[in-house]
Amino acid sequence: GGGGSDTASSGGGGNDQITLGFAQVGAESGWRTANTKSIQDSAKDAGINLKFSDAQQKQENQIKAIRSYIQQKVDVIAFSPVVESGWDTVLKEAKDAGIPVVLTDRSVDSQDTSLYVTFLGSDFIAEGKKAGEWTVKNFANASGEVKIAQLEGTTGSAPAIDRAEGFADVIKSDPKLKIVASQTGDFTRAGGKQVTEALLKSNPDITMIYAHNDDMALGAIEAIEAAGKVPGKDITIVSVDAVHDGMQALSDGKINFIVECSPLLGPQLMDVVKKVKAGESVEKRIVTEETTFTPEQAKEALPSRQY
Ligand code: AHR
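Here is a short report on the structure shown in this document. (Residues numbered from 1 in each chain as written. Predicted model: local features only at pLDDT ≥ 70, side-chain atom pairs only at ≥ 80, totals over all residues. Heavy atoms only, no water.)

1. Here we look at empty space enclosed by the protein
Evaluation of the coordinates by the stated rule reveals one cavity of 30 Å³ or more. Looking at the largest cavity, its volume works out to about 90 Å³. Along its surface, the largest cavity is lined by 13 residues, and W31, R32, R106, R163 and D241 are the ones closest to its centre. The set of elements that each furnish at least two residues to the lining of the largest cavity consists of α1 (30-46) and α5 (158-171). Its residues assigned to classes, the lining of the largest cavity shows five nonpolar, two polar and six charged. (1 Å grid on protein atoms, 1.4 Å probe; cavity = no way out; pocket = protein on both sides within 12 Å on 5 of 7 lines; lining within 4 Å. Points joined across faces, edges and corners; volume = space filled by probe spheres on them. Helix = DSSP H or I, 4+ residues; strand = E, 2+ residues; numbered from the N terminus. Nonpolar A, V, L, I, M, F, W, Y, C, P; charged D, E, K, R; others polar.)

Below, the structure is given as structure tokens:
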């Protein structure tokens, strides 16, 4: 039973070449595109034979892909779980087959942590907190209620859950900061646009939009401009990722602040895969290093960004 299209890179070709099966979430955002490229490029550089599948944001497709990697007896399976729950059965199948699993980017909520070797990725709660801290500072002297609309990522996904939690945790210190609407835009530009169009009708006096990724913020910008308002001025916008188009909008003043989430996980993933294959131990949690950007910092950083 296949799990989407497989593209294998040739690599070194020797008998001891490592085969890695990677079950990607989809191609929902600029972040995801950069993440996929990072994984494919670094597999090639590391001489690892990569079997890659795109689940189109559907858990059932990811499960199918993982099962097909088990059948093909790959050396290591890595994946970025689209949602947090519902993985125990398939992870148990991999474990029983003796195939180590590496989680990248997003985590699972499984109680049994022996089901995976390590989780390599961002601290999404910290990202939400950074967005919250900027918000608290930015509106410290505002008079009256600050009405915040939240554009949530994919429902049930670790980044959507954690970015909401981290943000809420920090902004509760200032009672005038109120989340008046919160809806999913599924991490896509179209989703962000659609939700914002409806939002501008139900809450025309919104002060700020907190988007769980740049793509949804970019969709929101389109909706705000179509409604005759000025993004970044009439409505403050904060988002997460710092992909190229987001950074461009930030330097143009249409987004006010971006919390970085790095998609360049490929090189670290290949290191982990090699270590696991060699029987070496790896840290149970590997956290990506990230920063934040103001418009001025975005202008400076843009020319040297890789994505
Ligand atoms: O899991 C990481 C998130 O997934 C990114 O922030 C978002 O852009 C992507 O779709």
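2. Considering the side chain of T236
Tracing the chain through its elements places T236 in strand β10 (residues 236-241). Sequence-distant contacts of T236, that is, excluding residues within four places in its chain, are made with W134, N138, F139, T207, M208, I209 and N256. (Contact = heavy atoms within 4.5 Å.)

3. Focus: the nonpolar core
Most often, soluble globular proteins have nonpolar side chains that are buried together. One finds L151, I209, M247, L250 and I255 to be the most contacted residues of the largest nonpolar core, which totals 28 residues. If one sorts the elements of this core by residue count, helix α7 (residues 214-226) sits on top with six residues. The contacts of I255, once residues within four sequence positions are left out, are A217, I221, I237, S239, G246, A249, L250 and P295. By size, the runner-up hydrophobic cluster in this structure holds 23 residues, among which are V25, V74, F79 and Y116. (Core = buried A, V, L, I, M, F, W, Y, C linked by side-chain atoms within 4.5 Å. Buried < 20%, exposed > 50% of the residue type's maximum accessible area, 1.4 Å probe, protein only.)

4. A word on the site of the ligand
Looking at the ligand, the residues that line it are E28, S29, W31, R32, D105, R106, F124, P159, R163, F187, N213 and D241. Take S29: an N or O atom from its side chain is 2.9 Å from an oxygen atom of the ligand. One of the side-chain nitrogen or oxygen atoms of N213 is found 2.9 Å away from an oxygen atom of the ligand. If the ligand stood free it would expose 280 Å²; the protein chains cover 100% of that surface. More than half of the atoms of the ligand fall within 2 Å of the grid points belonging to the largest cavity. Among the secondary structure elements, those contributing two or more residues to the shell around the ligand are α1 and α5. Split by residue class, the shell around the ligand holds four nonpolar, two polar and six charged. (Near = heavy atom within 4 Å. Polar contact = N/O pair within 3.5 Å; in protein donor to acceptor, adjacent residues only side chain to side chain. Areas by Shrake-Rupley, 256 points an atom, 1.4 Å probe, with all protein chains shown as cover. Sits in = over half its atoms within 2 Å of the grid points.)

5. Observations concerning the layout of surface pockets
Taken as a whole, the largest pocket encloses approximately 160 Å³ of empty space. What lines the largest pocket is simply A34, K37, S38, D41, L264, P267, Q306 and Y307. Counting residues per element, the lining of the largest pocket draws most heavily on α1, at four residues. Per-class residue counts for the lining of the largest pocket are four nonpolar, two polar and two charged.

6. Quick word on the pattern of salt bridges
Per the stated rule, a full pass over the model turns up 18 salt bridges. R163 is the partner of E127 in a salt bridge, and the nearest nitrogen-oxygen pair spans 2.8 Å. Within this pair, whereas E127 is found in helix α4 (residues 124-138), its partner R163 is found in helix α5, the two being separated by 36 residues in sequence. Among the ionic contacts, a cluster of salt bridges with common partners joins E28, R32, D105 and R106. (Salt bridge = Lys/Arg side-chain N within 4 Å of Asp/Glu carboxyl O.)

7. What to know about the sheet that holds strand β9 (residues 208-211)
Spatially, six strands are ordered β8-β7-β9-β10-β11-β13 in an open sheet, and the strand pairing comes out mixed. Since the sheet does not close on itself, it has two edges, and those belong to β8 (177-184) and β13 (292-293), each with one partner. Inspection of the sheet shows β10 paired to strand β11 (residues 257-260) by four bridges, in the parallel sense. Residue pairing across strands places S239 opposite I258, the latter belonging to β11. On top of the sheet, helix α6 (residues 189-202) reaches β7 (146-152), β8 and β9; it is set at about 150° to β7, its chief contact. Contacts from α7 reach β7, β9, β10 and β11 within the one sheet, and its direction differs from that of β10 by about 155°. (Pairing = 2+ DSSP bridges. Axes fitted to C-alpha atoms, helices over the stretch in contact; angles between N-to-C directions.)

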